[in-house]
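Observations on the model geometry
Below are the chains, spelled out letter by letter.
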Amino acid sequence: MKSYLLVPKESIESQARVGPRGTEQGERVLSRTTALRFAVANKAPDTLFALGLRSATLPGSRPPVSGQEERRRKGKGAKSAGTRGADASTPPMPGATVAEQTGAEPGSYRYMPLIGATMAHFYEDHTEKEARGELERDFEFIPDVVPLSFPGPVSAGQPGPRNRGMSSLAEREWPDESGVPLAHAQGIRGAGVMLGILDTGVDADHPEHAARVIQFRYVSLFPNSPHNPARDIRGFDPDGHGTHVCGIAAGVHHGVAPEVDLYVASVIESETIRTSLGRVAAGMEWLLHQFSRPENSTRPAVVNLSLGFPLMPPPGISEADYNLNLRALQTMIRRLLDSNVLPVVAAGNSGPDTVGYPAAFPESLAVGAVDFERNVATFSASGTVGRRGVPDIMGYGVNVYSSTERRCNNQAFYERMSGTSMAAPYVAGIAALYRCRAPDLTALEVRDLILSNAVKLPRSGTHKTGKGLAVFR
């Protein structure tokens with residue numbers, strides 16, 4: 001099976017065009033649109049359907065898993081049919097690559113209009129060749145082969161003991177200089193703002209999150225297949241990273257913006273901390289679909305992404321394929337801004353001169369990490385890509401206290417973790433506070449507000465610190 005993200009060339013090559021942001025009469029409440037419209041976008045799903053590929057929006061019957069039906073047919077003299085995906089009659093060997101179970105169709109696809117792309121899986125080479133003949137003039141065929149991951153784990157330096165149950169800090173985590181205590185005292189706690197998280201998931205029953213309804217989607221290993229559909233279910237997180245991120249941004253006891261509405265897509269596997277461009281695209285499409293519902297279309301929104309590509313191609317990946325993946329990811333980040341959603345991105349944890357993507361894209365609000373004494377974390381990524389300095393802003397990202405997991409007996413835990421993965425949701429929470437106070441501001445205006453209100457940091461000889469520490473004022 002070969003998987004590609006089909007993106008219109010005009011979409012990937014054009015810069016984002018700023019849409020209407022008001023009227024001469026000063027109207028500022030804007031309906032969320034479906035980002036940019038491109039004339040050829042519908043051509044991909046129409047062509048793939050004509051070639052016999054099955055739409056993932058029309059669930060297909062699951063292939064047999066026991067193999068009994070196949071053996072029964074063979075016993076009656078039937079010829080054995082070839083399989084295009086996983087052979088359901090043979091249990092996978094331990095450690096073997098997980099394969100997609102497929103039906104009899106030559107492939108499958110999912111049209112994602114809100115990000116302007118189509119994900120296609122081809123089970124037969126001749127079908128891919130036909131599709132290329134029909135579509136390659138207008139679409140980039142971007143191979144879904146480059147792994148994304150969240151920034152690697154970082155030692156907290158001074159880890160505190162695990163806190164059990166509803167254990168609270170003697171003092172609130174966020175210092176007065178952050179502006180968070182002041183915002184909360186003024187009743188600004190994120191109400192009315194939608195916060196999207198793309199991560200390992202969230203434990204919806206952790207005490208830090210159980211008091212709210214969390215919209216949650218599990219994006220499967222094969223999210224664009226009709227046989228392995230993504231599912232909207234009760235939130236879970238076998239890793240704890242996503243639960244920690246959600247707790248920093250929006251935890252009801254310790255979060256920066258505890259009254260936001262959370263939308264969480266689980267797109268990263270806990271075992272490998274890896275994901276794919278296709279899974280991130282499916283998660284982002286789901287977020288924009290939720291944000292664009294009639295009841296949500298005028299509400300302000302922020303998305304936190306603690307994931308990304310490295311600056312250079314991974315081993316075994318050609319530079320051409322890598323650049324295509326980067327351009328597609330940048331196009332998706334643009335879609336967020338075009339839909340009036342602010343993308344907040346972790347810069348990475350590999351130290352100076354190690355900036356990755358999407359933090360390096362100018363459309364991202366890239367976040368580095370400082371400790372609570374305003375010292376830049378040694379692991380915080382920084383550098384220059386073209387003329388762009390990264391990060392744009394800093395957030396608290398060392399020994400940050402937040403929710404992690406629960407045990408089988410329902411005993412809940414809080415832990416301190418470090419990383420730009422922790423700094424980014426702090427900044428996302430700050431953005432949510434600004435959007436709560438002034439919901440008519442656009443995403444770009446909120447970005448400018450965060451940068452202009454930052455607390456300046458001492459110059460560092462090794463790290464870039466952008467405009468300084470993000471605070472609410």
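Cut-offs applied
Residues numbered from 1 in each chain as written. Predicted model: local features only at pLDDT ≥ 70, side-chain atom pairs only at ≥ 80, totals over all residues. Heavy atoms only, no water. Axes fitted to C-alpha atoms, helices over the stretch in contact; angles between N-to-C directions. Helix = DSSP H or I, 4+ residues; strand = E, 2+ residues; numbered from the N terminus. Left-handed = near helix turned anticlockwise from the far one by under 90°. Contact = heavy atoms within 4.5 Å. Nonpolar A, V, L, I, M, F, W, Y, C, P; charged D, E, K, R; others polar. Salt bridge = Lys/Arg side-chain N within 4 Å of Asp/Glu carboxyl O. Buried < 20%, exposed > 50% of the residue type's maximum accessible area, 1.4 Å probe, protein only. Pairing = 2+ DSSP bridges. Polar contact = N/O pair within 3.5 Å; in protein donor to acceptor, adjacent residues only side chain to side chain. Parallel < 35°, antiparallel > 145°, perpendicular 65-115°, else oblique. Core = buried A, V, L, I, M, F, W, Y, C linked by side-chain atoms within 4.5 Å. Phe/Tyr/Trp six-rings, centres within 6.5 Å; stacked < 30°, edge-to-face > 60°. Lys NZ or Arg CZ within 6 Å of the ring centre and 35° of its normal. Expected span 1.5 Å × (residues − 1).

**Some thoughts on the packing of helix H6 (residues 241-250) against helix H9 (residues 420-437)**
At their nearest, the axes of H6 and H9 sit 7 Å apart, and the two run at 35° to each other. Seen from above, H6 lies across H9 with right-handed handedness. Contacts between H6 and H9 involve His-241, His-244, Val-245, Ile-248 and Ala-249 from the former and Ser-421, Met-422, Pro-425, Tyr-426 and Gly-429 from the latter. Of the residues that constitute the contact of H6 with H9, the class distribution is 6 nonpolar, 4 polar and no charged.

**With respect to the pattern of salt bridges**
One pass over the structure, following the stated rule, counts 18 salt bridges. Among the salt bridges present, the one from Arg-217 reaches Asp-232, with a minimum N-O distance of 2.8 Å. Note that Arg-217 is positioned in strand E9 (residues 215-218) and Asp-232 in strand E10 (residues 231-232), a separation of 15 residues in sequence. Put simply, Glu-405 and Arg-407 hold a salt bridge, and the shortest N to O gap is 3.8 Å. Among the residues examined, Glu-405 registers a relative accessible area of 21% and is labelled partly exposed.

**Description of the sheet that holds strand E4 (residues 117-122)**
Strand order in the open sheet formed by 5 strands is E2-E3-E4-E1-E5, and the pairing between neighbours is mixed. Edge positions in the open sheet fall to strand E2 (54-55) and strand E5 (139-143), since each of these has one partner strand only. Judged from the 5 bridges that link them, strand E1 (residues 2-8) and E4 form a sheet pairing that is antiparallel. Directly across from Leu-5, in E4, lies its bridge partner Met-119. Strand contacts of helix H2 (residues 43-50): E1, strand E3 (107-112), E4 and E5, with the helix running at about 25° to E4, the strand carrying the most contacts. Against the sheet, helix H8 (residues 319-338) engages E1 and E5, with an angle of about 115° to E5.

**Considerations on the environment of Phe-372**
The topology assignment puts Phe-372 in the loop between strand E15 (365-370) and strand E16 (383-385). In contact with Phe-372, not counting residues within four places along its chain, are Glu-173, Trp-174, Pro-175, Tyr-396, Val-398, Asn-399 and Val-400.

**Some remarks on the sheet that holds strand E13 (residues 301-305)**
Strand order in the open sheet formed by 8 strands is E10-E9-E11-E8-E13-E14-E15-E18, with mixed pairing between adjacent strands. Bordering the open sheet on either side are E10 and strand E18 (393-396), each of which pairs with just one other strand. Against the sheet, helix H7 (residues 277-291) engages strand E8 (194-199), E9, E10, strand E11 (261-266), E13 and strand E14 (341-346), with an angle of about 155° to E11. Contacts from helix H10 (residues 443-452) reach E14, E15 and E18, with the element oriented near 45° to E14.

**A look at the side chain of Arg-299**
Examined against the element boundaries, Arg-299 turns out to sit in the loop between H7 and E13. By relative accessible area, which is 18% here, Arg-299 ends up buried. At a separation of 2.9 Å, a polar atom in the side chain of Arg-299 contacts the side chain of Asn-296.

**Topic: the packing of H7 against H8**
Across the interface, H7 lies against H8 with an axial gap of 11 Å and an inter-helix angle of 10°. For the element pair H7 / H8, the angle class is roughly parallel. In this structure, H7 contributes Leu-277, Ala-281, Met-284 and Leu-288 to the contact, and H8 contributes Asn-325, Ala-328, Leu-329, Met-332, Ile-333, Arg-335 and Leu-336. Residue classes in the contact of H7 with H8 are distributed as 9 nonpolar, 1 polar and 1 charged.

**So, the nonpolar core**
Membership of the largest hydrophobic core comes to 61 residues, with the highest contact counts inside it found for Leu-195, Val-344, Ile-393, Tyr-426, Leu-433 and Ile-450. Looking at this core element by element, the count peaks at 12 residues for H9. Not counting the four nearest positions on each side in its chain, Leu-433 is found in contact with Val-180, Ala-183, Ile-188, Arg-189, Gly-190, Val-256, Ala-257 and Phe-472. Judged by nonpolar contacts, the second largest core, of 53 residues, contains Ile-115, Trp-286, Ala-328 and Ala-381.

**Side note on unusual backbone geometry**
With an omega of 15°, the peptide bond between Tyr-357 and Pro-358 qualifies as cis. Considering the arrangement of structural elements, one finds Pro-358 in the loop between E14 and E15. In this chain, Val-390 is followed by Pro-391 through a cis amide linkage whose omega measures 5°. One can find Pro-391 in the loop between strand E17 (388-390) and E18. The backbone of Asn-399 shows a phi angle near 55°, a positive value even though the residue is not glycine.

**Comments concerning the environment of Val-370**
Along the chain, the position of Val-370 falls in strand E15. Val-370 sits 48 residues away from Ser-418 along the chain, and the two C-alpha atoms are 9.6 Å apart. Those residues in contact with Val-370 that lie beyond four places of it in its chain are Asn-375, Val-376, Ala-377, Met-394, Gly-395, Tyr-396, Gly-397, Val-398, Leu-457 and Leu-469.

**Side note on the packing of aromatic side chains**
Scanning the entire structure with this criterion turns up 13 aromatic pairs. Both rings, one in Trp-174 and one in Phe-372, keep their centres 6.4 Å apart while their planes meet at 50°; by these two values the pair is tilted. Here Phe-372 lies in the loop between E15 and E16 and Trp-174 lies in the loop between strand E7 (163-164) and helix H5 (180-185), a separation of 198 residues in the sequence. By relative accessible area, Trp-174 is classed as buried at 6%. A connected cluster of aromatic rings, assembled from ring pairs, spans Trp-174, Phe-372, Tyr-396 and Tyr-426. Of note, Arg-132 hangs over the ring of Tyr-4, and the distance from its end group to the ring centre comes to 5.0 Å.

**Details of H7**
The end-to-end C-alpha distance of H7, which contains 15 residues, comes to 21 Å, matching closely the 21 Å that a straight helix rising 1.5 Å per residue would cover. Burial analysis of H7 places 14 of its 15 residues in the buried class, the great majority of the element.

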